[in-house]
Amino acid sequence: QVQLVESGGGLVQPGGSLRLSCAASGRFFSIYTMGWYRQAPGKQRDLVATITSSGNTNYADSVKGRFTISREYAKNTVYLQMNSLKPEDTAVYYCYQAVGVGLWGQGTQVTVSS
C-alpha cells in the first residue's frame, strides 16, 4: 500500500525558513503528481504547491517566490522549501499524491510566531 509520511514541521520566527519532506512508500512514485496542502484552524484545506512527474510546478499566489516544491525520485521523496515565512503560513501541512481518489499524509504542524 502507498503511504505518505511528512516531516520537518516546527516553530519558526517570521522571516525564517523550514523544509518539509514527504516520503512515499509506493512503487510508482515517479508517475504521479505530488502536492502540498495546508489547513489553518477553522479554515478549509488549500493547495500550496504541486509538482508533476516531469517536474512542472504550480504554486498558490500567496506562496509564489517564497516556497519551492521539488522531488527526489531516487528517494521517493517530495520537498517543500519554505522561506520568508509569515504568521499567516501557520497551518498543518499535508502531503498529497494524485493516485486513485487521492492519498494524504498525516500532516505536520508549521507555526510561524515571534
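Shown above is the structure to which this text applies.
Once a new chain begins, its residue numbering starts again from 1 and follows that chain's sequence as written. Under the rules for a predicted model, residues below a pLDDT of 70 receive no local features and side-chain atom pairs below 80 are neither given nor counted, while totals for whole chains, interfaces and linings still include all residues. Side-chain calculation: all heavy atoms of the structure are included, whereas hydrogens and water are not.

> Hey, could you run me through the sheet that holds strand 1 (residues 4-7) in this one?
In space, the 4 strands of this open sheet follow the order 1-3-8-7, with antiparallel pairing throughout. The open sheet has two edge strands with one neighbour each: strand 1 and strand 7 (67-72). When the angles between neighbouring strand axes are averaged without regard to direction, this sheet yields 15 degrees. Two strands pair when backbone bridges link them, and strand 7 and strand 8 (residues 77-82) are joined in this way by 6 bridges, in the antiparallel orientation. Paired with serine 70 across the bridge in strand 8 is tyrosine 79. Pairing between strands is defined by DSSP: at least two bridges between the two strands are required. Think of it this way: any DSSP run of H or I at least four residues long counts as a helix, any run of E at least two long counts as a strand, and we number them from the N terminus. To get an axis, fit a line to the C-alpha atoms, keeping to the stretch in contact for a helix; angles then go from 0 to 180 degrees between the N-to-C directions.

> It is not clear to me how the side chain of arginine 71 should be interpreted in this structure. Could you clarify?
Mapped onto the elements, arginine 71 comes out in strand 7. Burial classification: accessible surface area is computed with a 1.4 Å probe over protein chains only, and a residue below 20% of its type maximum counts as buried, one above 50% as exposed, and the rest as partly exposed. Positive charges are assigned to Lys and Arg, negative charges to Asp and Glu, while His and the chain termini are left out of the count. The term salt bridge refers to a pairing of a side-chain nitrogen on Lys or Arg with a carboxyl oxygen on Asp or Glu at a separation within 4 Å. Buried charge without a salt bridge: arginine 71, with glutamate 72 as the nearest opposite-charge side chain at an N-O distance of 11 Å. Definition of a polar contact: a pair of N or O atoms within 3.5 Å, with one able to donate and the other able to accept a hydrogen when the atoms are protein atoms, and with sequence-neighbouring residues admitted only if both atoms are side-chain atoms. Side-chain polar atoms of arginine 71 contact the backbone oxygen of phenylalanine 29, separated by 2.7 Å. When residues no more than four places from it in sequence are discounted, the contact partners of arginine 71 are Phe29, Ser30, Tyr32, Thr33, Met34, Ile51, Thr52, Ser53, Thr77 and Val78. Contact between two residues is taken to exist if any of their heavy atoms lie within 4.5 Å; hydrogens are not considered.

> Would you mind going over unusual backbone geometry with me for this structure?
Residues apart from glycine generally show negative phi values, whereas peptide bonds are mostly found in trans. The backbone phi angle of asparagine 76 is positive, close to 50 degrees, even though this residue is not glycine. Inspection of the secondary structure assignment puts asparagine 76 in the loop between strand 7 and strand 8. Classification of asparagine 76 as partly exposed rests on a relative accessible area of 22%. Although it is not a glycine, serine 84 adopts a positive phi angle of roughly 50 degrees.

> When you look at the state of the cysteines in this model, what are you seeing that I'm missing?
One way to say it: the disulfide is the covalent bond shared by the sulfur atoms of two cysteines. When the sulfur atoms of two cysteines come within 2.5 Å, that pair is taken as a disulfide. Counted according to the given criterion, the structure contains 1 disulfide. Cysteine 22 shares a disulfide with cysteine 95; S-S distance 2.0 Å. Here the disulfide of cysteine 22 and cysteine 95 is left-handed, its torsion about the S-S bond being about -85 degrees. Taken as a pair, cysteine 22 in strand 3 (residues 18-24) and cysteine 95 in strand 9 (residues 91-97) lie far apart in primary sequence, 73 residues in all. Of the two residues, cysteine 22 and cysteine 95, both sit in the buried class.

> What is the right way to look at the packing of aromatic side chains in this model?
The geometry of an aromatic ring pair comes down to the distance between the two centres and the angle between the two planes. Pairing of aromatic side chains here covers Phe, Tyr and the six-membered ring of Trp, requires ring centres within 6.5 Å, and sorts the geometry by plane angle: under 30 degrees stacked, over 60 edge-to-face, intermediate tilted. Under the definition given, this model contains 5 aromatic pairs. An angle of 70 degrees between the planes, with centres 5.0 Å apart, marks the rings of tyrosine 37 and tryptophan 104 as edge-to-face. Here the residue tyrosine 37 occupies a position in strand 4 (residues 34-39), and tryptophan 104 occupies one in strand 10 (residues 103-104), the gap between them amounting to 67 residues. A relative accessible area of 35% places tryptophan 104 in the partly exposed class. Taken together, a centroid distance of 6.5 Å and an interplanar angle of 90 degrees make the contact between tyrosine 94 and tryptophan 104 edge-to-face. One end of the pair, tyrosine 94, is in strand 9; the other, tryptophan 104, is in strand 10, and 10 residues separate them in sequence. What makes tyrosine 94 buried here is its relative accessible area of 13%. In this structure an aromatic cluster arises from ring pairing among Tyr37, Tyr94, Tyr96 and Trp104.

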